[in-house]
Amino acid sequence: MGVLRRRVSHTFAALAATELALAPPARAAGDSGPTPLTESRARPPPRGQSYLQYGVAFTVEGVVSAGPICSESVNPCILGSGAGIAIRVGWRLTEDFYLGGAYEFSKQDPSQLYRLGILQQARCELRHYFPNGHSTAPFAVAGLGLAAYGNEWMVDTWGPAGVLGGGVEVELSGKTTVGLSLGYRPVYLHAFVDSSTLSHQAGIAHFIGLELALEAQDAL
């Protein structure tokens, strides 16, 4: 009996030692352990520093309606769709807001009434970004300014202009972004007589603008 009892005791001791060896190590107090793979990453903190933001954009100015400038009595129309370049510089106040200015010139289709129909625009713009913790952020944009139109770089007519639209900005690195935007751009142009002595009435021309922009940021 004594031998049997010693063998049973040795068996239970071996089983207990095996269980302790296989058990996972206990976590220290306050240690939550590794983050599960399904848990989303935390957002990076917003930048508190302001930036100088500047760049260039390729633009398309699609004419939805030329308005009274191209009435039925004036055919062909002197103001058609076109494309050009915009130069922009501004202040990125916070992660959410940008305030700046833009100068744009585009070659429009003048239906051979001009040698080279150039539309020039100068605007003050405000963007409101919607940060989401990722490198891609949507934004809304609004702006006011002046526009001028004429043969080559002459100003035959001019008036106030605006923009209202939105887009998305992609951060390529800490200092470079690419943006794509679409906006409605009304332009009021005064009455004028072109180089062919055709009269054009005053009114609002309606544009849809598409921009592909490359911009850089410098800390202030």
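Higher on the page you've got the structure.
Residues numbered from 1 in each chain as written. Predicted model: local features only at pLDDT ≥ 70, side-chain atom pairs only at ≥ 80, totals over all residues. Heavy atoms only, no water.

Draft legend 1. Spatial organisation of the nonpolar core. In terms of nonpolar packing, the biggest core is built from 17 residues, with Ile69, Ile78, Leu79, Val187 and Phe207 touching the most fellow members. For this core, the elements supplying multiple residues, two or more each, are strand 5 (136–151), strand 7 (176–189) and strand 10 (203–219). Discounting chain neighbours no more than four positions away, the residues touching Ile78 are Ile69, Cys70, Asp109, Pro110, Leu113, Tyr114, Tyr149, Phe192, Asp194 and His200. (Core = buried A, V, L, I, M, F, W, Y, C linked by side-chain atoms within 4.5 Å. Buried < 20%, exposed > 50% of the residue type's maximum accessible area, 1.4 Å probe, protein only. Helix = DSSP H or I, 4+ residues; strand = E, 2+ residues; numbered from the N terminus. Contact = heavy atoms within 4.5 Å.)

Draft legend 2. Broad picture of the environment of Asp96. Locating Asp96 in the fold gives a position in the loop between strand 2 (82–92) and strand 3 (97–108). Taking relative accessible area as the criterion, Asp96 reaches 28% and is therefore assigned partly exposed. Residues Asp96 and Tyr129, spaced 33 residues apart in sequence, show a C-alpha to C-alpha distance of 4.6 Å. Not counting residues up to four positions away in its chain, the partners in contact with Asp96 are Arg127, His128, Tyr129 and Pro131.

Draft legend 3. Spotlight on the environment of Pro138. Relative to the helices and strands, Pro138 is located in strand 5. Classification of Pro138 as partly exposed rests on a relative accessible area of 35%. Along the backbone, Pro138 and His128 are ten residues apart, and their C-alpha atoms lie at a distance of 8.6 Å. Discounting chain neighbours no more than four positions away, the residues touching Pro138 are His128, Tyr129, Phe130, Asn132, Gly167 and Val168.

Draft legend 4. Region of interest: the sheet that holds strand 5. Taken in spatial order, the eight strands close into a barrel running 1-2-3-4-5-6-7-10, and their pairing is antiparallel. Looking at each pair of strands side by side, their axes are set apart by 25° on average, direction ignored. In this structure, strand 4 (residues 117–129) lies alongside strand 5, joined through 13 bridges in antiparallel fashion. By the bridge assignment, His128 is partnered in strand 5 with Ala140. (Pairing = 2+ DSSP bridges. Axes fitted to C-alpha atoms, helices over the stretch in contact; angles between N-to-C directions.)

Draft legend 5. Representation of the pairing of strand 6 (residues 157–171). Inspection of the sheet shows strand 5 paired to strand 6 by 14 bridges, in the antiparallel sense. In the sheet register, Leu144 faces strand 6, and the bridge partner there is Gly162. Hairpin connection, strand 5 to strand 6: the antiparallel pair is bridged by five residues, and Glu152 has positive phi, about 55°. As paired strands, strand 6 and strand 7 are joined by nine bridges and run antiparallel to one another. Following the sheet pairing, Gly166 is matched in strand 7 by Leu182.

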